[in-house]
Amino acid sequence: MVSIQRSLINELSGLDSALCFQSYDDDDSFPKDYGYGAYNQDGLDLEPNATSSSETKPRILLMGLRRSGKSSIQKVVFHKMAPNETLFLESTSKIVKDDINNSSFVQFQIWDFPGQIDFIEPTFDSDMIFGGCGALVFVIDAKDDYNEALTKFKNTVIKAHKVNPNIKFEVFIHKVDGISDDSKMESQRDIHQRSSDDLGEAGLHKINLSYHLTSIYDHSIFEAFSKVVQKLIPQLPTLENLCNIFIQNSGIEKAFLFDVVSKIYIATDSSPVDMQTYELCCDMIDMVIDLSSIYSSEETAFDSGSASLIKLNNNTILYLREVNKFLALVCILREENFNRRGIIDYNFICFRDAISEVFKLRLMSQARLENNDQDDDDDDDGPPPATPSP
Amino acid sequence: MPDSMEDPATVSLRICLEGHANALALNKDYTQIAVAGRSLLKVYSIDNYGFTESCNMRGGKNQNLSYSSNDVSWSTLDSNLLATAATNGVVSVWDLSKFGRQKQLLVYNEHERTAHTVTFHSSEPNILISGSQDGTIKCFDIRSDKSVNTYFSNSESVRDVKFSPHTQNIFSAVSENGTVQLWDMRKWDKCMVQFTAHSGPIYTCDWHPTRNWLATGSRDKQIKVWNMDGRPGLEYTIHTIAVVGRVKWRPERTYHIASCALVVDYSIHVWDIRRPFIPFASFNDHTNVTTGIAWQGDSHCLLSTSKDSTIYKHAFKDATRPALKANAQGASLGRHGDISFAQKIKEYAVKTSGVTNTKTTSFKSRSKTPVAGSMQFHLDHSKMYKFRLKDVEPHSQALSEHESFIGCAQDLLISGKKLADLCDHNADVCRKYGKHNATTLWNFIKLFYGTNHFEPPFEHRASFSTNSRRATQVQSDWTMPQRGEMGQDLNGNNQEAPHEIGADSSVDIDDEHEHPPTSSVILSETQILSEITFDNFELLRNGFIYVGPTSDVSKALAFPALHHDVQAARAQVDLKANEHEKSPPPHVPTVLKVPHVPIPMWEPHKFVADALMLQNDVGDVQTALTVIIALGEARKLLPLEDALVEHWFHAYVDQLHRYELWNEAGEVINRSWLRSVRQLNQQSTTMHTNCGKCSRPLAGHVGWLCDKCKSMQSAKCCVCGLIVRGIYAWCQGCSHGGHIEHLQKYFAQHSKCPTCGHLCAYS
């Protein structure tokens with residue numbers, strides 16, 4: 001145990017937190033009690049022999065027929081490419097690995113597969129591909145004839161499920177900006193029906209398929225990706241609960257915890273997400289980043305002082321605060337509730353502390369996981385952490 | 001149902017709550033209402049005059065998160081049992097017969113994420129189910145402290161669960177991925193039916209009380225009604241204006257359903273599902289988003305909670321009826337000049353025939369095809385007419401684009417006549433060259449601007465509520481019947497005497513009595529003001545003129561429904577001209593609005609400007625610019641930027657030049673009022689002249705004096721030898737020339753230059 005503790009301290013010392021040491025010293029049984037059960041269960045850990053930290057990130061696979069829009073999705077969501085520029089993207093000819101570790105919570109890789117590769121061939125290393133994969137996003141072009149895509153999808157799912165039963169399957173019915181509402185519904189129903197029939201024939205009734213209607217020309221692709229990413233975050237219930245508590249005690253209508261770079265929300269409170277609200281919040285982040293990259297004295301556009309307040313003419317207020325280096329909380333609230341700004345700010349600080357606590361635990365469990373791999377002697381799965389309540 | 005039977009005419013009542021209310025539930029007798037919210041869980045008993053608090057389960061200051069409720073449900077059999085679903089996933093069961101802390105009978109802490117909904121079984125008193133954000137539905141038996149069954153919906157989040165009233169043990173679950181599932185309670189491994197219902201998250205569902213129908217409401221702003229017999233089939237779709245939060249079927253009415261929105265729209269709408277675009281009734285009392293609705297037993301009372309911390313009990317008779325205010329007529333103009341016109345048949349048959357007549361006057365001949373489509377709403381019939389303009393000339397589609405451009409450029413008149421005549425002429429020209437859009441536009445211009453002499457004060461219409469207005473003039477107007485086609489004459493006259501009214505409006509009324517008019521009296525707004533209290537000023541300042549028998553005027557003003565009427569009418573001010581035949585509200589027979597008077601306030605300027613921009617955008621700068629020029633001074637009314645117009649000028653002149661239509665281009669430039677365009681005529685034509693003797697360019701500044709050979713020879717006519725004053729015709733080939741009339745005569749007989757024998761081509 002001693003050696004584990006020592007290495008933990010080393011890990012954490014890079015993390016700038018003196019508080020962390022204190023609490024750690026106070027509680028000797030810390031690593032045991034705060035094991036992260038959910039982390040192992042959700043299929044997020046990898047092959048036992050994974051050693052380097054880059055391999056421990058869950059992978060999101062982007063698959064689909066060629067010209068279905070996979071690379072465009074990746075460019076728009078994670079590289080801030082303007083949607084109309086994606087027209088000029090070359091078709092992808094080899095697997096493109098993309099590390100998304102801009103946010104500590106969203107640490108994963110996206111593998112953009114070229115559509116023409118037949119990865120079902122025996123020569124293809126499916127264990128390597130699907131083994132450490134957290135979610136498989138299958139992109140279907142809604143404007144095209146999707147018979148071929150469905151066949152390929154079925155084969156992919158069967159193969160991937162065999163290799164890794166924990167994989168989460170997401171179907172993006174893509175490019176719906178070009179079709180009418182009715183045919184949107186119709187193709188969604190059709191795809192849903194046929195794919196579940198196909199999988200039923202193959203004996204895979206239990207597989208959880210999620211369908212999303214997406215387009216890169218509005219925010220639907222961001223929302224769909226948010227849903228995908230959220231499923232890969234084991235702490236999501238905790239984060240969601242924190243948001244709930246925060247908004248209820250501060251008189252806020254809706255709060256999003258955003259990953260600033262990609263504008264996907266990694267958690268929100270449990271009230272329904274309204275698309276316009278989400279778009280407003282996205283636009284606010286864009287605006288804040290753009291403005292502060294012009295005027296900030298440091299080179300970073302987003303830092304601990306980042307905050308913004310926008311009053312809309314319908315008596316609502318958009319309020320943005322920095323949570324940590326990568327995350328921002330964007331709230332929408334009515335103007336009269338903003339009278340109690342002190343309370344909101346205080347609650348926010350509690351919220352931020354709680355988030356950083358969750359964040360710390362995650363790092364620890366990650367470090368512990370690595371040690372486990374080396375020492376191979378510690379395999380306890382403790383309960384999830386108690387929710388810190390403001 | 002003790003209350004509503006004896007007195008269904010209750011008014012809406014309102015009490016204040018602390019904090020937001022998220023949901024409400026009624027007990028089985030409809031005598032008590034439970035309201036749940038963030039820091040609130042209370043039971044009120046309902047009586048005819050309001051609500052009285054009978055139980056508060058959130059006494060004290062304990063901030064236990066398990067009490068912060070998303071949903072509340074009342075047992076359908078036991079009036080003492082309540083269940084709540086909390087944001088942290090806890091489902092609690094409350095027993096109202098107990099005291100203090102013991103009221104909270106059971107706490108199930110099983111959902112990992114927020115519990116969204118909870119509901120009791122309709123016949124088994126001990127069974128309840130809950131749906132949660134974690135995608136599971138759990139079934140609890142209050143005799144045990146653990147869940148009995150868990151149903152995995154395979155979706156991100158279950159938003160609503162409801163037991164079917166028709167089949168025992170069947171419940172529906174709707175989820176955020178847009179699917180509806182039917183579960184049999186006894187089979188927890190797999191759902192019976194699953195289908196995709198909406199393209200967005202579904203937030204609510206409700207079973208029809210008598211038919212096997214399920215209504216679902218979604219983020220895609222639609223309410224859909226599904227027939228659940230056998231394979232689920234879509235029966236009706238209602239399009240609302242906002243995200244649907246809750247839906248509730250109205251008891252005793254097969255086709256009525258109430259809905260409230262999650263954002264934007266604060267009112268509760270009751271829809272007739274057979275009329276999916278206009279709500280049958282609306283309650284507009286809430287000042288924030290409505291969160292919960294329930295019918296109080298019968299169909300006449302609707303209870304609702306809202307984020308504005310109130311409970312309302314709405315009496316159905318107090319609802320507004322948007323459907324009645326809707327405009328039952330519609331007209332549209334086709335690009336070939338056809339008109340289609342739809343109307344409600346029942347009440348206005350006589351009136352509409354008149355309208356069609358006035359419209360027909362401007363057309364030469366038409367084929368009338370009545371009752372092309374007869375749409376049937378559940379009570380109303382509507383009829384559609386289509387008037388087709390008979391083709392006067394054969395279609396000239398053989399003309400290519402540049403041919404029609406040249407033709408139009410040569411034939412279009414831009415000045416020299418009255419605007420109406422210009423418009424007529426130009427419309428004919430456009431029709432001749434196959435430009436039907438432009439024809440329609442010219443016709444419109446004639447209608448809007450052709451009938452009147454435009455003076456700058458015309459702009460006073462822009463601010464309609466400037467209230468110094470023209471009582472005396474109105475009076476003089478109705479003595480001259482049928483004045484002004486679009487009411488514009490009326491307006492033009494009125495501006496002359498704007499200041500006389502304040503003092504003598506009462507005198508006017510007396511005057512009216514002296515004239516026993518033929519059928520009607522027109523009152524101006526100032527007169528109305530003099531009769532009613534000052535409080536109503538706001539309602540009336542939109543300026544409506546009322547028509548009716550004189551003796552009835554004061555009575556009509558005292559009529560309580562007037563306010564209603566005025567409010568309805570206010571929304572109409574900004575309607576387009578097409579829609580101006582508004583139906584008068586049938587229950588106010590003595591107060592009628594004159595359609596002609598408010599409508600002239602509609603200003604076509606913006607509309608015309610848009611039309612011109614559109615013409616330009618589709619590549620027809622010719623029409624756009626010609627219209628502007630033809631309008632003359634009236635063009636100043638159009639909200640068009642000078643820079644844009646200047647650009648049009650340049651574009652059009654450039655086009656004309658390319659087709660070598662120099663005269664037309666010159667005409668256009670001459671008509672321009674922009675300096676930069678007018679200058680084109682002075683700067684663009686440069687003639688390079690040569691000395692007739694030495695053939696050097698005449699670069700000097702002294703006219704025809706050659707710098708090189710110091711000769712004035714070039715200034716002289718080569719026929720008569722005199723110095724030319726006035727027009728000097730000149731051959732570019734040999735640099736000799738002279739008086740144009742001399743050269744004309746000369747070249748009529750000769751073909752060579754009189755000086756050098758050059759073969760000049762005189763044309």
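All values derive from a computational prediction rather than experimental measurement.

About the cut-offs
Residues numbered from 1 in each chain as written. Chains lettered and ligands numbered in written order. Predicted model: local features only at pLDDT ≥ 70, side-chain atom pairs only at ≥ 80, totals over all residues. Helix = DSSP H or I, 4+ residues; strand = E, 2+ residues; numbered from the N terminus. Buried ≥ 20, exposed ≤ 12 C-beta atoms within 10 Å, placed from the backbone. Contact = placed C-beta atoms within 7 Å. pLDDT = per-residue confidence, 0-100. UniProt positions renumbered as here; feature names shortened; annotations may be inferred. Pairing = 2+ DSSP bridges. Axes fitted to C-alpha atoms, helices over the stretch in contact; angles between N-to-C directions. Parallel < 35°, antiparallel > 145°, perpendicular 65-115°, else oblique. Nonpolar A, V, L, I, M, F, W, Y, C, P; charged D, E, K, R; others polar. Expected span 1.5 Å × (residues − 1). Arc of directions from axis to C-beta.

Undergrad: With reference to specific residues and values, describe the overall build of chain A.
TA: Along its length, chain A carries twelve helices and eleven strands. Counting every position in chain A, which comprises 390 residues, the buried fraction comes to 41%. The contacts of chain A with a sequence gap of at least 6 include a subset with a gap of at least 24, amounting to 71%.

Undergrad: Give me the lowdown on the confidence of the model for chain A, citing residues and values where you can.
TA: Residue and element names in this part refer to chain A. Here chain A averages 74 in pLDDT, and 74% of its residues register 70 or above. Contacts of residues 1-55 to residues separated by more than four positions or lying in other chains number 61 contacts, the stretch itself having pLDDT below 50. Within the model, the stretch residues 376-390 combines pLDDT values under 50 with 29 contacts to residues more than four positions away or in other chains.

Undergrad: For the interface of chain A and chain B, give the residues involved together with the corresponding values.
TA: In this complex, chain A contributes 20 residues to the contact, which on the side of chain B involves 20 residues. Elements supplying a minimum of two residues to the side of chain A that touches chain B: α8 (181-201), β6 (209-213) and α10 (236-250) of chain A.

Undergrad: Describe the UniProt feature "repeat: WD" (unreviewed entry) in chain B, listing the residues and the values that go with them.
TA: Residue and element names in this part refer to chain B. When the UniProt feature table is mapped onto this chain numbering, "repeat: WD" (unreviewed entry) sits at residues 108-150, 151-186 and 195-229. Taken end to end, residues 151-186 is 0% helix and 56% strand, and its first and last C-alpha atoms sit 10 Å apart. Helix makes up 0% of residues 195-229 and strand 57%, whereas the separation of the span's terminal C-alpha atoms amounts to 14 Å.

Undergrad: Provide a residue-level description of the sheet that holds strand β25 (residues 281-283) of chain B, including the pertinent values.
TA: Residues and elements named next belong to chain B. One open sheet holds the four strands; their spatial order is β22-β23-β24-β25, and the pairing between them is antiparallel. In the strand order of this sheet, the two ends are held by β22 (244-249) and β25, each with one partner. Across the sheet, the axes of successive neighbouring strands diverge by a mean angle of 20°, strand direction being ignored. Taken together, the three bridges between strand β24 (residues 268-272) and β25 define a ladder with antiparallel strand orientation. When the bridges of β25 are listed, valine 270 appears paired with alanine 281.

Undergrad: Would you mind going over unusual backbone geometry in detail, with residue names and values included?
TA: Across residues other than glycine, the phi torsion is negative in most instances, and most of the peptide bonds are trans. A positive phi angle, near 60°, is found at Lys175(A), a position not held by glycine. Position of Lys175(A) among the secondary structure elements: in the loop between β5 (168-174) and α8.

Undergrad: Any chance you could break down the environment of Ala328(B) for me, citing the residues and the numbers?
TA: Summarising the element assignment, Ala328(B) is placed in the loop between α2 (322-325) and β29 (330-333). A tally of 18 C-beta atoms within 10 Å means that Ala328(B) is categorised as partly exposed.

Undergrad: Which residues make up the packing of helix α5 (residues 70-79) of chain A against helix α9 (residues 220-231) of chain A, and what values go with them?
TA: Residues and elements named next belong to chain A. Between α5 and α9, the least distance of the axes is 10 Å, while the angle of their chain directions is 85°. The angle between the axes of α5 and α9 places the two elements in the roughly perpendicular class. Contacts between α5 and α9 involve Ile73, Val76 and Val77 from the former and Ile221, Phe222 and Phe225 from the latter. Of the residues that constitute the contact of α5 with α9, the class distribution is six nonpolar, no polar and no charged.

Undergrad: Before we move on, could you go through the sheet that holds strand β4 (residues 40-47) of chain B and cite the residues and values that matter?
TA: All names here are of chain B. In space, the four strands of this open sheet follow the order β2-β3-β4-β5, with antiparallel pairing throughout. Sheet topology places β2 (21-26) and β5 (50-56) at the edges, where each strand pairs with a single neighbour. When the angles between neighbouring strand axes are averaged without regard to direction, this sheet yields 30°. Across five bridges, the pairing between β2 and strand β3 (residues 32-37) is antiparallel.

Undergrad: Mind laying out the pairing of strand β18 (residues 202-207) of chain B, listing which residues take part and the relevant values?
TA: Summarising burial for β18(B): six of the six residues are buried, a large majority. Hairpin connection, β18(B) to strand β19 (residues 213-218) of chain B: the antiparallel pair is bridged by five residues.

Undergrad: Just give me the short version of the pairing of strand β7 (residues 254-259) of chain A, but keep the residues and values in it.
TA: Residue and element names in this part refer to chain A. In terms of burial, β7 is largely enclosed, as six of its six residues are buried. Judged from the six bridges that link them, β7 and strand β11 (residues 327-334) form a sheet pairing that is antiparallel. What sits directly across from phenylalanine 258, in β11, is alanine 328. With three bridges connecting them, β7 and strand β8 (residues 265-268) associate as antiparallel partners. Each bridged residue has a counterpart across the sheet, and for phenylalanine 256 the counterpart in β8 is threonine 268. Between the end of β7 and the start of β8, which pair antiparallel, lie five residues, with lysine 263 showing a positive phi angle near 60°.

Undergrad: Talk me through α8(A); I want residue IDs and the actual numbers.
TA: Between its terminal C-alpha atoms α8(A) stretches 30 Å, which fits the 30 Å expected from 21 residues at 1.5 Å a residue. Looking at α8(A), one finds that the buried residues are Met185(A), Gln188(A), Ile191(A), His192(A), Ser195(A) and Leu199(A). Within α8(A), the buried residues cover an arc of 135° as seen down the axis, which keeps them to one side. For α8(A), exposure combined with an orientation more than 90 degrees from the buried face picks out Asp182(A), Asp197(A), Gly200(A) and Glu201(A). On its buried face, α8(A) is in contact with β4 (133-141), α7 (147-163), β5 and β6 of chain A together with β17 (193-196) of chain B.

Undergrad: Summarise helix α17 (residues 662-671) of chain B; cite the residues concerned and give the values.
TA: One turn of the α-helix equals 3.6 residues, which is why residues spaced by three or four share an orientation. Residues and elements named next belong to chain B. Regarding α17, the residues found buried are Glu664, Ala665, Val668 and Ile669. Buried positions in α17, seen along its axis, are confined to an arc of 135° and lie on one side of it. For α17, exposure combined with an orientation more than 90 degrees from the buried face picks out Trp662 and Asn663.

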